[in-house]
Structure formats: structure tokens, C-alpha cells
Amino acid sequence: MLVVGMGGSLRTPSTSLTALRVAIEGAAAAGADTEVISLSGLDLPFYTAERAAPPAARFLADTVHAADALLWSSPTYHGSVSGAFKNAVDWLALLADRDPPYLSNKPVGMLTTAGGVQGLQAINAMEFIVRALRGWSVPLVMAVAQSSRAFDRDGHLSDDAVADQLRGLGAEVTRAAVQFRAEGTCDYAE
């Protein structure tokens, strides 16, 4: 079982990348193999269908395609996801001709960090994207509001309750991926 985390911001330190890494810890503790793709490390050009896919975009698409489940993390910028996050997602157009295409039958857990309290708006944007790419949004989401209270100046998570919730999201994504693999669907029936 492979859970791939994708996200972060272009800023250092990145609270959304720190939050993603904590959520990935939860997926690993639940038994998944994990990988984190930091958007700042990809250095992706702006997506356009006319541009040949650079190696970083092919790496992103190949890694996402190999994943059983995903964790997405973006800072909340102006009530939505960051431009860097949206650009990375746009490069997932490379998955259109794969079998299965796009994010078919992949559970996606979503998290965001926000300076204010509007983090759920970025989660909503991510959910629309997940559906458009044929993925399955995990109902449990995590929006870390007023992130300056949960992270210190160096970007380290200092709030144990938030860390536990992020790890819980990672564990939930793993649970959903296991059920998808076994049953081809996901629900909460026991």
C-alpha cells in the first residue's frame, strides 16, 4: 500500500509541507509505504497542453499513478489553493491516457494551513479537483486555521492536538485505500 503526499508551498519554512509530513506519519503508522512530493522541490513550469512534459512533471504523474491513495496539502491563498499546488495538479493531465485514467479509485485526503479561519475554502477547491480527476475524497479533512498558533517561527508543528488530527487523517486515507483494494469501494460499514 503506497500513500503519496503532495503539496507544500514555495516558501521556507512551509507549514503546509510540515502538516503533510505529519499526516504521512499517520499513514505510515497505519501500515502504508509513504512518499512525500514537495512542490518546492519539483520546480514545475506553468502547465500548458502545448508544452512537452518536463521530467519533473513526468515524475509527478508516475508517482501519483503508482499510489494507492494520496494526501494533498496546500496553503490557503486568497480563499483557495496556492498557484503552485494548482499548477502541479494541472500537470496530472498526463494521467489522462493511463489505465485507469487520472485518479480513478484513489482515495484523497485533503489538508490545508491558513493564516486565518478560511481554510475550508481551499479544502472545497481540492474536493472539486479530486472529483474532476475521478478520485474519491476522504470525508475526514483537516484545515489548520490560524496556523501561527499551531506552528512555531521555524515551521515546526507545536500543537499536539493538531498533530494527532493530522496523523488521524493519514491513517484514514490508508484505511480507505485498503478497503478500495479489497472491495473496489469505500464506506464505513463494519
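Details of the structure are given in the entry above.
Undergrad: Just checking my understanding: could you explain the pattern of salt bridges for this structure?
TA: Close approach of charged atoms allows side chains of opposite charge to pair. Scanning the entire structure with this criterion turns up seven salt bridges. A salt bridge links Arg 98 to Asp 62, with the nearest nitrogen and oxygen atoms 2.5 Å apart. Here Arg 98, found in the loop between helix H4 (83–90) and strand E4 (107–113), pairs with Asp 62, found in helix H3 (residues 55–66); they are 36 residues apart in sequence, far enough to count as distant. By relative accessible area, Asp 62 is classed as partly exposed at 40%. Close ionic contact of Arg 181 with Asp 68 constitutes a salt bridge, the shortest N to O distance being 2.9 Å. Of this pair, Arg 181 sits in helix H7 (residues 160–183) while Asp 68 sits in the loop between H3 and strand E3 (69–75), and the two are 113 residues apart along the sequence.

Undergrad: How should the pairing of E3 be read in this particular structure?
TA: Within a regular beta strand, the side chains point alternately toward one face of the sheet and then the other, so they alternate between its two faces. The buried count for E3 comes to seven of seven residues, which makes it a mostly enclosed element. A two-sided burial pattern is seen for E3, the buried positions comprising Ala 69, Leu 71, Ser 73 and Pro 75 on one face and Leu 70, Trp 72 and Ser 74 on the other. In this sheet, E3 lies alongside strand E1 (residues 2–7) in parallel orientation, the contact comprising five bridges. Note that in E3 the partner of Val 4 across the bridge is Leu 70. Here E3 runs beside E4; their pairing, made up of six bridges, is parallel. Pairing of Leu 71 across the sheet is with Gly 109, part of E4. Assessed by its sense of winding, the connection that carries the chain from E3 through H4 to E4 is right-handed.

Undergrad: What is the right way to read H7 from this model?
TA: Each α-helix winds once per 3.6 residues, and so residues spaced three or four apart point in a common direction. When the terminal C-alpha atoms of H7 are compared, their 34 Å separation across 24 residues agrees well with the 34 Å that a helix rising 1.5 Å per residue should span. Regarding H7, its N-cap is Asp 159, as a side-chain oxygen of that residue lies 2.9 Å from the backbone nitrogen of Ala 161 further along. After H7 finishes, the residue Gly 184 shows a positive phi value of roughly 75°.

Undergrad: It is not clear to me how the nonpolar core should be interpreted in this structure. Could you clarify?
TA: The nonpolar side chains of a soluble globular protein tend to be buried, and buried together. With 33 residues, the main nonpolar core has Leu 60, Trp 72 and Leu 103 as its most contacted residues. With six residues, the single largest contributor to this core is helix H5 (residues 119–132). When residues no more than four places from it in sequence are discounted, the contact partners of Leu 103 are Val 64, Leu 70, Trp 72, Leu 92, Leu 95, Val 108, Leu 133, Arg 134 and Gly 135. Ranked by size, the runner-up nonpolar core spans 24 residues in total, among them Leu 20, Leu 71, Val 138 and Ala 176.

Undergrad: Is there a simple way to explain the packing of aromatic side chains in this structure?
TA: The description of two aromatic rings rests on the distance between their centres and on the angle between their planes. The tally for this structure, following the rule as stated, stands at three aromatic pairs. For the pair Tyr 47 and Trp 91, a centre-to-centre distance of 5.0 Å together with 90° between the ring planes defines the contact as edge-to-face. Within this pair, whereas Tyr 47 is found in the loop between helix H2 (39–42) and H3, its partner Trp 91 is found in the loop between H4 and E4, the two being separated by 44 residues in sequence. The class for Tyr 47 is partly exposed, based on a relative accessible area of 31%. Judged by centre distance (5.4 Å) and plane angle (75°), the rings of Trp 72 and Phe 85 are edge-to-face.

Rules used throughout
- All residue numbers refer to positions counted from 1 along the written sequence of the respective chain.
- Where totals are concerned, whole chains, interfaces and linings use all residues; where local detail is concerned, this predicted model gives features only for residues with pLDDT of at least 70, and gives and counts side-chain atom pairs only at 80 or more.
- Values reported for side chains reflect all heavy atoms of the structure, with hydrogen atoms and water molecules removed beforehand.
- Whenever a carboxyl oxygen of Asp or Glu lies within 4 Å of a side-chain nitrogen of Lys or Arg, that contact is scored as a salt bridge.
- A run of H or I in DSSP becomes a helix once it reaches four residues, and a run of E becomes a strand once it reaches two; helices and strands are each numbered from the N terminus.
- Burial status follows relative accessibility: with a 1.4 Å probe on protein chains alone, a residue under 20% of its type maximum counts as buried, one over 50% as exposed, and anything between as partly exposed.
- Here, a strand pair is defined by DSSP locating no fewer than two bridges between the strands.
- Call a crossover right-handed when, viewed with both strands pointing away from you, the route from the first strand across the helix to the second goes clockwise.
- Expected helix span is taken as 1.5 Å per residue step, with the number of steps being one fewer than the number of residues.
- Counted as a polar contact is a pair of N or O atoms within 3.5 Å, where, for protein atoms, one must be capable of donating a hydrogen and the other of accepting one, and residues adjacent in sequence contribute only when both atoms are in side chains.
- Nonpolar cores were defined as sets of buried Ala, Val, Leu, Ile, Met, Phe, Trp, Tyr and Cys residues, with membership established by side-chain atoms within 4.5 Å.
- Contact criterion: two residues are considered in contact whenever any of their non-hydrogen atoms come within 4.5 Å of each other.
- In summary, the pairing rule links any two rings of Phe, Tyr or Trp, Trp by its six-membered ring, whose centres are within 6.5 Å, and it sorts them by plane angle into stacked for under 30 degrees, edge-to-face for over 60 and tilted for everything else.

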